[in-house]
Amino acid sequence: MSRKQYSIRRTYIGRLPQGADLLESITKICKEENIKIGKITAIGAVKKAVIAFYDQVEKKYHNLEINQEMEIVSCTGNVSVLNGQPFVHCHIALADNQGRCFGGHLMIGTEVFACELFIEEYEGEILERVYDEQSGLSLWHPASILME
């Protein structure tokens, strides 16, 4: 069993412009700043959203398009490395005007109305994603497993 310790190197705080694609914007910042390990947190609202659910049997994502205004109840994720590049993995919970929530994997096509964003970059060993045959996903390298 291998546990790694990290410390915060830098924190980016700001808002994204209206009309921006939420996932593309976060990814662009991480690539421009060469952030290879970090944590993402965001709140705000979207004009429309695309979220996904991972089917564990089929081993593929199924997208759900939501074409209405929604509040970002929570958006959290991480940054690691996939194929040598910063890779953003976020999940999002959204609420409609009746307070009903929808959630899943954040996908390209989620359009920002207003968004306040935090990106914490960490110092420490880079977490690299590699294909995991059992799940069908690109997961952090097995050296990062906390429990065995």
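Residues numbered from 1 in each chain as written. Predicted model: local features only at pLDDT ≥ 70, side-chain atom pairs only at ≥ 80, totals over all residues. Heavy atoms only, no water.

## So, the overall build of the protein
Then comes step 1: Looking only at helices and strands, one finds one helix and nine strands in the protein.
Then comes step 2: Taken from N to C terminus, the helices and strands of the protein fall in the order β-α-β-β-β-β-β-β-β-β.
Then comes step 3: Relative to its length of 148 residues, the protein is compact, with a C-alpha radius of gyration of 16 Å against a globular reference of 15 Å.
Then comes step 4: Out of the 148 residues in the protein, the part that is buried amounts to 36%.
Then comes step 5: With an accessible surface of roughly 9000 Å², the protein has 51% of that area assigned to carbon and sulfur atoms.
Then comes step 6: Within the protein, one finds 15 positive and 20 negative side-chain charges whose respective centroids are separated by 2 Å. (Helix = DSSP H or I, 4+ residues; strand = E, 2+ residues; numbered from the N terminus. Rg over C-alpha atoms; globule rule 2.2 N^0.38 Å. Buried < 20%, exposed > 50% of the residue type's maximum accessible area, 1.4 Å probe, protein only. Areas by Shrake-Rupley, 256 points an atom, 1.4 Å probe, with all protein chains shown as cover. Lys, Arg positive; Asp, Glu negative; His and termini not counted. Charge placed at Lys NZ, Arg CZ, Asp CG, Glu CD.)

## A closer look at the pairing of strand β3 (residues 60-66)
Then comes step 1: Examined bridge by bridge, strand β2 (residues 38-55) and β3 share seven bridges and lie antiparallel to one another. Paired with A49 across the strands is I66, a residue of β3.
Then comes step 2: Count of turn residues in the β2/β3 antiparallel hairpin: four residues, of which K59 carries a positive phi of about 60°. (Pairing = 2+ DSSP bridges.)

## Thoughts on the pattern of salt bridges
Then comes step 1: Summed over the entire model, instances satisfying the criterion amount to eight salt bridges.
Then comes step 2: A salt bridge links R9 to E121, with the nearest nitrogen and oxygen atoms 3.0 Å apart. One end of the pair, R9, is in strand β1 (residues 7-16); the other, E121, is in strand β7 (residues 111-123), and 112 residues separate them in sequence. (Salt bridge = Lys/Arg side-chain N within 4 Å of Asp/Glu carboxyl O.)

## Some details on the environment of R9
Then comes step 1: Look at R9 and you get partly exposed, because its relative accessible area is 47%.
Then comes step 2: Residues within four places of R9 in sequence aside, it is in contact with E121, Y122 and E123. (Contact = heavy atoms within 4.5 Å.)

## Brief notes about unusual backbone geometry
Then comes step 1: Positive phi outside glycine occurs at N34, with the angle close to 55°.
Then comes step 2: Although it is not a glycine, N83 sits at a positive phi angle of roughly 55°.
Then comes step 3: Checked against the element boundaries, N83 lands in the loop between β4 (70-82) and β5 (85-95).

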